[in-house]
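Structural overview for review
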Amino acid sequence: MTDALLQVDDLRVTFAIAGREVRAVDGISFTVSPGATLAIIGESGSGKTVSCRAIMGLLPAGTAIGGSARLRGTELLGLSDAELRRHRGSDLAMVFQDPARSLNPTMRIGLQITEAITTHRKVSKREAQSQAIELLRLVRMPAAERRFHEYPHQLSGGMRQRVMIAMALACRPKVLIADEATTALDVTTQAQIMELLLDLQQELDMALIMISHDLGLAASYADEVIVMYAGKIVEQAPAAGLFGAGGAVRMRYTRALLDAIPHVERSAHTLLPVVSGRPPDPTALPPGCSFAPRCGYAEDDCLAKVPALAEHAPGHSWACWHPCENGGAA
Ligand SMILES: Nc1ncnc2c1ncn2[C@@H]1O[C@H](COP(=O)(O)OP(=O)(O)OP(=O)(O)O)[C@@H](O)[C@H]1O
Ligand code: SF4
Ligand SMILES: [Mg+2]
């Protein structure tokens, strides 16, 4: 695709734990266009966070990373710390789940935002402070000037997340990654922060990568959805192609996720449902399809050969030997 902003190809991340390999991310590829929203869903441990941290250059030193992640053609993997710092913030920024742990409890929030600005830009202290207040206004912080002088513990959870978003936006990134940025908040605040992120995406013309446990959010807001399982992408399609009227889920794990949501709640924001059975041990993946031990449709070939992700219909890829017919809705 020629208009790719972020192009990830065959990204692989392997950790070594007690002499055993954990293939946390196992050859994923995707493209993000300017201004687009990509949702990444999948149960705990499927590799969502590690994928994004690899792209951001935020994995521990010594982690084995392979493949490619290019931002407007510039390779991000393997850059030096100094080069990465230049990209982080101005090109790519990430907001995490727990703002309480990400903020420094002993520093006033104004100073933390000011430092986020001066780390990346050569501006005077006074200019950085005025930009910090502007950023607080941008994230709709009530009484921005007063809050500037407060400490994190004086703010609500939602306000703290607004501060984290303000810091992430300090250098107007082209891609914002929100890693379950609303999960730790109560339901009303979750909706407000999600609305804020989507408004800011429009205002600042950013691409948004939304890692979420909330299928309802993915269905409502994403242009494109990636479903991950055991480090791999198992299904990828436009959101409407999966969830909309006439949507056609093909991969059995995606179907199991959707079927695990009670029908009455399907249109509401719904936490990632629990599919029966356990996710596989990442140090001992089964030889064929990783989902086979939990799949009611597994046959001998599923146990023997890994199904490759392939584009079987325009824009719609899946990895399954025996995909659902007609979306497989129950
Ligand atoms: N620093 C690390 N060292 C070793 N293994 C790690 C490290 N970080 C993550 N992992 C492993 O990599 C795999 C993928 O983890 P990741 O955090 O990406 O999952 P996730 O999809 O984001 O899950 P969740 O929904 O719980 O956030 C897991 O098996 C995890 O235990
Ligand atoms: S490949 Fe086989 S085991 Fe895996 S999801 Fe498809 S039907 Fe189930
Ligand atoms: Mg995660």
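Refer to the structure above for everything that follows.
Read on for a plain summary of the structure. Just so we're clear, the structure is a prediction, and the values are computed from it rather than from any experiment.

Re the overall build of the protein
A tally of regular secondary structure across the protein gives twelve helices and twelve strands. With the principal axes as the frame, the protein shows a C-alpha extent of 65 × 45 × 40 Å. Across the 330 residues of the protein, 49% fall into the buried class. For the protein, restricting intrachain contacts to residue pairs at least 6 apart in sequence, the fraction spanning at least 24 positions comes to 64%. On the protein, roughly 15,500 Å² of surface is accessible, and the fraction owed to carbon and sulfur atoms is 51%. Positive and negative side-chain charges in the protein, numbering 32 and 35 respectively, have mean positions lying 7 Å apart.

Comments concerning the pattern of salt bridges
If you walk through the whole model with that rule in mind, you get twelve salt bridges. The closest approach of N and O atoms between R137 and E134, which form a salt bridge, is 2.5 Å. Placement of both R137 and E134 in helix α5 (residues 125-138) is noted, with a separation of three residues, approximately one turn of the helix. Note on E134: relative accessible area 45%, which makes it partly exposed. Between R147 and E150 there is a salt bridge, and its shortest N-O distance comes to 2.6 Å. We classify R147 as buried; its relative accessible area is 12%. On the basis of relative accessible area, E150 is assigned to the buried category, the value being 10%. Look at the salt bridges and you will find they share partners, linking R23, D26 and K232 into a network.

Considerations on the sheet that holds strand β8 (residues 207-211)
Backbone-to-backbone hydrogen bonds pair the strands of a sheet. The strands run either parallel or antiparallel. Taken in spatial order, the eight strands make up an open sheet running β6-β7-β8-β3-β9-β10-β12-β11, and their pairing is mixed. Two strands lie at the open edges of the sheet, namely β6 (92-95) and β11 (310-313), each paired on one side alone. Put simply, the sheet's adjacent strands are angled 25° from each other on average, direction ignored. Sheet analysis places β11 next to strand β12 (residues 316-318), joined by three bridges and oriented antiparallel.

Quick look at the side chain of R294
Tracing the backbone shows R294 in the loop between α11 (252-259) and α12 (300-304). Here E43 takes part through its side chain, which lies 2.6 Å from a polar atom of the side chain of R294. A distance of 3.0 Å separates polar atoms of two side chains, one belonging to R294 and the other to Y229. The residues touching R294, leaving out its near neighbours within four places in the chain, are E43, Y229, V275, S276, G277, R278 and P279.

Some details on the site of ligand 1
The environment of ligand 1 is formed by 15 residues, the closest being S44, G45, K48, T49 and V50. G45 has a polar backbone atom sitting 2.8 Å from an oxygen atom of ligand 1. Between ligand 1 and T49 there is a distance of 2.8 Å, counted from an oxygen atom to a side-chain nitrogen or oxygen. Coverage of ligand 1 by the protein amounts to 68% of the 640 Å² it exposes when considered alone. Looking at the shell around ligand 1, the elements that each hand over two or more residues are β1 (6-17) and α1 (48-56). Among the elements that make up the shell around ligand 1, the one with the highest residue count is α1 (three residues).

Things to note about the site of ligand 2
Close contacts around ligand 2 come from 13 residues, with C289, C295, C302, C320 and W321 the closest. In a pocket analysis with a 2 Å cut-off to the grid points, ligand 2 is assigned to the second largest cavity. Each residue belonging to the shell around ligand 2 can be placed in one class, and the counts come to eleven nonpolar, one polar and one charged.

Quick notes on the packing of aromatic side chains
Enumeration according to the criterion identifies three aromatic pairs in this entry. Ring centres 4.6 Å apart and planes at 55° place the aromatic pair Y229 and Y253 in the tilted group. One end of the pair, Y229, is in strand β9 (residues 224-229); the other, Y253, is in helix α11, with 24 residues separating them in the sequence. Pair check on accessibility: Y229 and Y253 agree, each one buried. Centre to centre, the rings of Y229 and F291 are 5.3 Å apart; their planes meet at 80°, and the pair counts as edge-to-face. Note that Y229 is positioned in strand β9 and F291 in the loop between α11 and α12, a separation of 62 residues in sequence. Take Y229: its relative accessible area is 3%, and that puts it in the buried class. Judged by its relative accessible area of 3%, F291 is buried. Among the aromatic residues, those joined into a cluster by ring pairs are Y229, Y253 and F291. The residue whose ring lies beneath R252 is Y297, and the NZ or CZ to ring-centre distance is 3.6 Å. Positioned above the aromatic ring of W321, the side-chain terminus of K305 is 4.8 Å from the ring centre.

Criteria and thresholds
Residues numbered from 1 in each chain as written. Chains lettered and ligands numbered in written order. Predicted model: local features only at pLDDT ≥ 70, side-chain atom pairs only at ≥ 80, totals over all residues. Heavy atoms only, no water. Helix = DSSP H or I, 4+ residues; strand = E, 2+ residues; numbered from the N terminus. Buried < 20%, exposed > 50% of the residue type's maximum accessible area, 1.4 Å probe, protein only. Contact = heavy atoms within 4.5 Å. Areas by Shrake-Rupley, 256 points an atom, 1.4 Å probe, with all protein chains shown as cover. Lys, Arg positive; Asp, Glu negative; His and termini not counted. Charge placed at Lys NZ, Arg CZ, Asp CG, Glu CD. Salt bridge = Lys/Arg side-chain N within 4 Å of Asp/Glu carboxyl O. Pairing = 2+ DSSP bridges. Axes fitted to C-alpha atoms, helices over the stretch in contact; angles between N-to-C directions. Polar contact = N/O pair within 3.5 Å; in protein donor to acceptor, adjacent residues only side chain to side chain. Near = heavy atom within 4 Å. 1 Å grid on protein atoms, 1.4 Å probe; cavity = no way out; pocket = protein on both sides within 12 Å on 5 of 7 lines; lining within 4 Å. Sits in = over half its atoms within 2 Å of the grid points. Nonpolar A, V, L, I, M, F, W, Y, C, P; charged D, E, K, R; others polar. Phe/Tyr/Trp six-rings, centres within 6.5 Å; stacked < 30°, edge-to-face > 60°. Lys NZ or Arg CZ within 6 Å of the ring centre and 35° of its normal.

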